[in-house]
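Examining the three-dimensional arrangement
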There are 2 protein chains.
Amino acid sequence: MPKLGMEPIRKAALVKATIVEIGRVGSLDVTVSQIAKRAGMSSALAHHYFGSKEEMFLAAMRHILTLYGAEVRGALALAEGPENRLRAVLAASFSAANFRREAVGAWLNFWVLAQTVPEAKRLLKVYQGRLRSNLLAGLRPLAGERAEALAAGLGALIDGLYLREVLKSGPPDRAAAIATALNYLNSQLEGARP
Amino acid sequence: MPKLGMEPIRKAALVKATIVEIGRVGSLDVTVSQIAKRAGMSSALAHHYFGSKEEMFLAAMRHILTLYGAEVRGALALAEGPENRLRAVLAASFSAANFRREAVGAWLNFWVLAQTVPEAKRLLKVYQGRLRSNLLAGLRPLAGERAEALAAGLGALIDGLYLREVLKSGPPDRAAAIATALNYLNSQLEGARP
DNA sequence: TTTTTTGTTGATTGACGAGTCAATAAACTT
DNA sequence: AAGTTTATTGACTCGTCAATCAACAAAAAA
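Below or above, wherever it landed, is the structure these notes cover. Note that the structure is a prediction, hence the values are computed from the model and not measured. Within any chain, residue numbers begin from 1 and follow the written order of that chain's sequence. Starting at A for chains and at 1 for ligands, labels are handed out in the order in which the entities are written. At least 70 in pLDDT is required for a residue's local features to be given in this predicted model, at least 80 for side-chain atom pairs to be given and counted, and no such filter applies to totals for whole chains, interfaces and linings, which use all residues.

**Some points on the overall build of chain A**
A count of helical and extended segments in chain A gives 9 helices and 0 strands. Mapped in sequence order, the helices and strands of chain A form the string α-α-α-α-α-α-α-α-α. In terms of overall dimensions, chain A has a C-alpha envelope of 70 × 35 × 30 Å along the principal axes. Here exposure depends only on C-beta density: within 10 Å of a residue's C-beta, 20 or more other C-beta atoms make it buried, 12 or fewer make it exposed, and intermediate numbers make it partly exposed, the C-beta atoms being placed from the backbone. Burial analysis of chain A (194 residues in total) assigns 41% to the buried set. Under the scheme used here, helices are H or I runs from DSSP no shorter than 4 residues and strands are E runs no shorter than 2 residues, and both carry numbers assigned from the N terminus.

**A word on the interface of chain B and chain A**
The interface of chain B with chain A comprises 33 residues on the first partner and 33 residues on the second. Counting residues per element, the ones that place at least two in the side of chain B that touches chain A are α6 (101–116), α7 (118–143), α8 (147–167) and α9 (174–190) of chain B. The dominant element in the side of chain B that touches chain A, judged by the number of residues it contributes, is α8(B), at 12 residues. Basically, the charged four are Asp, Glu, Lys and Arg, the nonpolar ten are Ala, Val, Leu, Ile, Met, Phe, Trp, Tyr, Cys and Pro, and anything else, Gly included, counts as polar. Partitioned by chemical class, the residues of the side of chain B that touches chain A number 14 nonpolar, 14 polar and 5 charged. We call two residues in contact if the C-beta atoms placed from their backbones are at most 7 Å apart.

**A few points about the relation of the copies chain B and chain A**
Here the second copy of the chain follows from the first by a rotation about an axis and a shift along it. Placing chain B over chain A gives an RMSD of 0.0 Å and needs a rotation angle of 180 degrees, together with 0.0 Å of translation along the axis. Look at the turn and shift together and you get a two-fold axis relating the two. Every residue of chain B has its C-alpha some distance from the rotation axis, and the shortest such distance is that of Gly160(B), at 1.8 Å. Comparing interface residues between copies, 100% of those in chain B also lie at the interface in chain A; the contact surface is shared. Only residues with pLDDT of at least 70 in both copies contribute their C-alpha atoms to the least-squares superposition of the copies.

**Details of the packing of helix α4 (residues 53–78) of chain A against helix α5 (residues 81–93) of chain A**
All names here are of chain A. Remark: α4 packs on α5, axes separated minimally by 9 Å, with the N-to-C direction vectors making an angle of 150 degrees. In terms of orientation, α4 and α5 fall into the roughly antiparallel class. You can see that α4 and α5 cross each other, and the crossing is right-handed. Mapping the contact onto sequence places Glu71, Val72, Ala75 and Leu76 in α4 and Arg85, Ala88, Val89, Ala91 and Ala92 in α5. Here the contact of α4 with α5 is composed, by residue class, of 7 nonpolar, no polar and 2 charged. Each axis is a line fitted through C-alpha atoms, and for a helix only the stretch in contact is used; angles between axes span 0 to 180 degrees, taken between their N-to-C directions. Roughly parallel means an angle under 35 degrees; roughly antiparallel, over 145; roughly perpendicular, 65 to 115; everything else is oblique. Crossings are assigned a handedness: left-handed for a near helix turned anticlockwise from the far helix by less than a right angle, right-handed for a clockwise turn.

**Describing the packing of helix α1 (residues 7–25) of chain A against α4(A)**
All names here are of chain A. The interhelical angle for the contact between α1 and α4, taken along N-to-C directions, is 90 degrees, at an axis separation of 9 Å. Between α1 and α4, the interaxial angle falls into the category roughly perpendicular. Where α1 abuts α4, its residues Leu14, Val15, Thr18 and Ile19 lie against Met56, Phe57, Ala59, Ala60, His63 and Ile64. For the contact of α1 with α4, the per-class residue count stands at 8 nonpolar, 2 polar and no charged.

**Overview of α1(A)**
Given 3.6 residues per turn, any residue in an α-helix points the same way as the ones three and four places further on. All names here are of chain A. With 19 residues, α1 ought to run about 27 Å at 1.5 Å a step, and its terminal C-alpha atoms sit 26 Å apart, in line with that. Turning to α1, its buried residues are Leu14, Val15, Ala17, Thr18, Ile19, Val20, Glu21, Ile22 and Gly23. Next to the buried residues of α1 lie α2 (32–38), α3 (43–50), α4 and α6 (101–116). Residue Gly26 follows α1 closely and has a positive phi angle near 85 degrees. For a helix, the expected span equals 1.5 Å multiplied by the residue count minus one.

**Some words on the environment of Val15(B)**
Residue and element names in this part refer to chain B. In this fold, Val15 is placed in helix α1 (residues 7–25). Judged by the 22 C-beta atoms lying within 10 Å of it, Val15 falls in the buried class. In sequence terms Val15 and Ala36 are 21 residues apart; their C-alpha atoms lie 9.8 Å from each other. With residues near it in sequence (within four places) discarded, Val15 still touches Ala59, Ala60 and His63.

**Digging into α5(A)**
Residues and elements named next belong to chain A. Between its terminal C-alpha atoms α5 stretches 19 Å, which fits the 18 Å expected from 13 residues at 1.5 Å a residue. Considered for burial, the residues of α5 that qualify are Arg85, Leu86, Ala88, Val89, Leu90, Ala92 and Ser93. Residues of α5 that are buried make contact with α4, α7 (118–143), α8 (147–167) and α9 (174–190).

**Section: the environment of Ile19(A)**
Residues and elements named next belong to chain A. Take Ile19: it is sitting in helix α1. Along the chain, Ile19 and Met61 lie 42 residues apart, while their C-alpha atoms are 8.4 Å from each other. The residues touching Ile19, leaving out its near neighbours within four places in the chain, are Ala60, Ile64, Glu102 and Ala106.

In structure tokens, the structure reads:
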């Protein structure tokens, strides 16, 4: 029965299932069996491909980060000028794919993971660094030396909006989140405009 | 040996130990034995007083929330006028007692808990509601109808600054956090001032 | 003084879960 | 055809941990 070349397929399925299960359960207390079952295989096979649960978590993080990165890059490619580029970053951050309970729940738990697992911390720092430099690129032409401070503030605001989504009931309100962030941006830029 | 009236003492010790251990371990994967040991008693006694680990977690949350509430109230009592009252709320939010790794770590994990445990969610909503109304009281005289939106943004920003503290290394920088929040506030208010 | 209430713990139970292993089978190599 | 690599799983090991129990001690009440 064994069709060869299953490894990438199985791994992808496991990564996806990991995110879904973490989002569903709302914590990292997910058993490998649960994940494997959702991915349609035995837990032994999951261990065979990933070695440990922690590796699965890390692969899931990398995946989410990759998706987010791709989304930002895609949006950035179409945007002209600093203001539009900033808008693009925000739109990607709160895109339907990223800003949904399941992903947000996983995100939150990765933050917890980062407290214990160095590699998780590293990954999260990569994300923060990328966000920062994307924001900075747009902000510098508009705000000059204040750009650094603004990027820090905007970054924290974005993370905070994610965090608050966790407690909300009902479907996520992307528009409201984007509006809040844009509002921050505009009022900060007004003071600095010619 | 049994001195009577131990209950409140034991409970307080357990609550404190719970927060310390969660902060230390960085997750909710703390055993009752660890907590009990740090509080200087057997795990059986911990169960005797709290019934379950979940109850311990909730008691710890209530405690943190109570402390935070007291701090805000104290600061508010000394502040005159809307602007100073806003400042007071911010100062309390980032006070040395609240804005330290241990507490921030516990905070983050309570957020995770809120995804599963309704009572935890309720408590966190109480916190959000209080923060909101405190901010609103200061903002309404200064920003009129825009107060609601500002309070939402500022609230998210505060949570986001907490979140980011988790990844930082080195001691927490309260001043920087307050500066970021104040900066947000000022730039938002400038546009609305007479 | 007997009884009840409160404090306290070592030992035990019972469940659950990560990771390993042995075995089976199909494909690919030589 | 024999040997190797890849896929796959059921069964098992070993550890951990929340929660309970039985038992003991001392204070308070009756």
